[in-house]
Amino acid sequence: MQYNSTRNHKQTASPAEAVLRGIAPDGGLYLCDPAALPLDPAEMLQKDFAGMAEAILERMLPDYTPEMLRPMITAAYGKFDTAEVTPLVMAGEYHVLELFHGPTCAFKDIALSLLPYLITGAKQLLDDKAETVILTATSGDTGKAALEGFCDVEGTSIVVFYPKDGVSKIQEQQMVTQRGKNVSVAAVRGNFDDAQTGVKHIFAEVKPTEKVELSSANSINIGRLAPQIIYYWHAWATLCRAGKINPTEPVNFSVPTGNFGDILAGYFAKCMGLPVGKLLCASNTNNVLTEFLLTGKYDRRRPFYKTTSPSMDILVSSNLERLLYLATGGDAEMVAEKMCELNELGWYQIEDDLLQKIQETFLCGCCDDTMTAQTIKTVWEQERYLLDPHTAVAWAVAEQHRAELDGQTVVLSTASPYKFAPAVLAALGQKVPEDAFAAMAELQTLTGVPVPTPLAELETLPVLHHDCIEVNEMANYVRRKMGD
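Here's a quick rundown of the structure. (Residues numbered from 1 in each chain as written. Predicted model: local features only at pLDDT ≥ 70, side-chain atom pairs only at ≥ 80, totals over all residues. Heavy atoms only, no water.)

**Examining the side chain of S283**
Turning to its location among the elements, S283 is positioned in strand β11 (residues 276–283). Other than its neighbours up to four places away in sequence, S283 contacts T257, L289, T290, M312, G365, C366, C367 and V393. (Helix = DSSP H or I, 4+ residues; strand = E, 2+ residues; numbered from the N terminus. Contact = heavy atoms within 4.5 Å.)

**A look at the pattern of salt bridges**
Applying the stated criterion to the full structure yields 16 salt bridges. In this structure, E172 and K164 form a salt bridge, with 3.5 Å as the shortest nitrogen-oxygen distance. E470 is paired through a salt bridge with R189; the nearest N and O atoms lie 3.0 Å apart. Here E470, found in strand β16 (residues 467–470), pairs with R189, found in strand β8 (residues 183–189); they are 281 residues apart in sequence, far enough to count as distant. Owing to a relative accessible area of 43%, R189 belongs among the partly exposed residues under this scheme. What you see here is one network of salt bridges that share partners, running through K123, D128 and E213. (Salt bridge = Lys/Arg side-chain N within 4 Å of Asp/Glu carboxyl O. Buried < 20%, exposed > 50% of the residue type's maximum accessible area, 1.4 Å probe, protein only.)

**Notes on the nonpolar core**
Residues M60, Y77, Y232, W233, W236, F253 and I358 are the most contacted members of the largest nonpolar core, which totals 113 residues. If one sorts the elements of this core by residue count, helix α11 (residues 229–241) sits on top with 10 residues. Those residues in contact with Y232 that lie beyond four places of it in its chain are F253, V255, D262, I263, A265, G266, A269, L274, L279 and L412. Grouped together as the second largest cluster of nonpolar side chains are 40 residues, V96, V393, W395 and A398 included. (Core = buried A, V, L, I, M, F, W, Y, C linked by side-chain atoms within 4.5 Å.)

**Observations concerning the packing of aromatic side chains**
Counting across every chain of the model gives 12 aromatic pairs. Summarising the aromatic geometry, the rings of Y267 and F362 are spaced 5.6 Å apart at their centres and angled 40 degrees between planes, so their arrangement reads as tilted. Taken together, the residues span a long stretch of sequence, with Y267 in helix α12 (residues 261–271) and F362 in strand β14 (residues 362–366) at a distance of 95 residues. Taken individually, Y267 and F362 each receive the classification buried, so the pair is uniform in this respect. (Phe/Tyr/Trp six-rings, centres within 6.5 Å; stacked < 30°, edge-to-face > 60°.)

**Brief notes about the sheet that holds strand β9 (residues 212–216)**
Overall, parallel pairing links the 5 strands, which are arranged β9-β6-β7-β8-β16 in an open sheet. Looking at which strands have only one partner, the edges of the open sheet turn out to be β9 and β16. For this sheet the average axis-to-axis angle between neighbouring strands, irrespective of direction, equals 30 degrees. Strand direction decides the pairing type here: strand β6 (residues 131–137) and β9, joined by 5 bridges, are parallel. Within β9, the position partnered with V133 by the bridge is L214. Relative to β6, helix α6 (residues 115–125) is tilted by about 145 degrees, and along the sheet it contacts β6, β7 (156–163) and β9. (Pairing = 2+ DSSP bridges. Axes fitted to C-alpha atoms, helices over the stretch in contact; angles between N-to-C directions.)

**Here's the deal with helix α18 (residues 389–400)**
Helix length check: α18 (12 residues) gives 17 Å between terminal C-alpha atoms against 16 Å at 1.5 Å per residue, within 8%. Those residues of α18 that sit buried are P389, H390, T391, A392, V393, A394, W395, A396, V397 and A398. (Expected span 1.5 Å × (residues − 1).)

**Thoughts on empty space enclosed by the protein**
Over the atoms, a rolled probe matching the size of one water molecule traces out where space is still vacant. Under the defined criterion, the tally for this structure stands at 5 cavities of 30 Å³ or more. Of the volumes computed, that of the largest cavity is approximately 260 Å³. Around the largest cavity, the lining is made up of 25 residues, and of these F107, K108, G258, N259 and S311 lie nearest the centre. Sorting the residues of the lining of the largest cavity by element identifies α7 (141–150) and α12 as the ones contributing at least two each. The element contributing the most residues to the lining of the largest cavity is α12, with 3 residues. Here the residues of the lining of the largest cavity sort into 8 nonpolar, 13 polar and 4 charged. Roughly 60 Å³ of internal volume is contained in the second largest cavity. Taken together, the residues that form the lining of the second largest cavity break down as 4 nonpolar, 4 polar and 3 charged. (1 Å grid on protein atoms, 1.4 Å probe; cavity = no way out; pocket = protein on both sides within 12 Å on 5 of 7 lines; lining within 4 Å. Points joined across faces, edges and corners; volume = space filled by probe spheres on them. Nonpolar A, V, L, I, M, F, W, Y, C, P; charged D, E, K, R; others polar.)

**Focus: the pairing of strand β4 (residues 88–91)**
In terms of strand pairing, β4 meets strand β5 (residues 94–98) through 4 bridges, oriented antiparallel. Residue pairing for β5: V89 is matched across the bridge by V96. Taken together, β4 and the strand that follows it, β5, pair antiparallel across an intervening segment of 2 residues, in which G92 is found at a positive phi of about 65 degrees.

Any functional reading would require information that these geometric values do not contain.
Following this line, the structure appears as structure tokens:
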């Protein structure tokens, strides 16, 4: 099986090469057609999380043998605090898919606990002796999960860029206290889109050598995206086993969405045979995706808002490129044209027939900070379930569409509420202390919900990373790290 760039069919790579490179040389994203990799729901229903992971990854990344994948999966998901890995919890009218039981308390752990094994496995398959430098731009959660995953992994080093004052204090503390001989962290004076664009430019400008090569831990890397398909299947199977649905009954998923990777994994699952009804793309005030899914116009020329759901503060959603490619049946020329327009003009428009095809699966909605806070308060008071701000956005958008949704709806919970304790405490009507860790303690006292151990331990860890740079300094920063 070959992957090709979304912008040029002639730019191809084996699955292992796609994982190792991260991004295609032309700036496109590596992709294969998930509809050509069907899974049998009846067989999947007999598998646990690890078994589903193996079945999905065997199809998406067939260079890796089952004998290679099994120990990788066991090691990756042995780090979670529950055997279910991604448990499903009933809260009111919705089923909440808890994706925050990994070592960094966010959904990125599902993929980034596994990606280091996939990277090192790819190096073995390709007999690659160079050091792999992992570049990552983060809007909050990817950074820590990637740092944790790649910490002291032989043959790799990792550089994480995050927007200064654009992540929560807890998220920042998670990154700047990260130990490891091979990790570097730098705040960037700008927003997430600036950091993400900077990373893409580095891939174009900084050429690999015999000794050092670049890869990515963002969801532009297919090795990051593929493991996220697992929990959609696992949620469906959990509902089947609980007698909530029959195996052919479609399930709706409401997904807090920024870079479009998480919800795209749900679309991949649907293409591979999972009974999916609607995928609800839930945005905060940075609602560029809402406008696109309603009108077909993607326009990043708008104010950038810092919100209480900072991991979604994004105006350039990279993975949307993959959806355009799949929805057009692989029209790489059109995708390249639209990405060029977005880069040069700041916007593009798709044809009505393509928009209608996308709308057959995708619904959308947005939610400002006031509505986010009200949702957190209402759900806690009525259901005694504590939402983080991102999950609250997904819940609110599910409520917006409740009348038109058939069957069961799953709300993806992407982070522990304690990663955003000040915002959650304020939403519950409490006075918020200046110190984020004091806010965590007060939130626990108020709700009785335990603080996850990895977050409780943060307060005593020393700060190890102090770098703060301009966007135009990112490439040289990486060059220096490559030369270390």
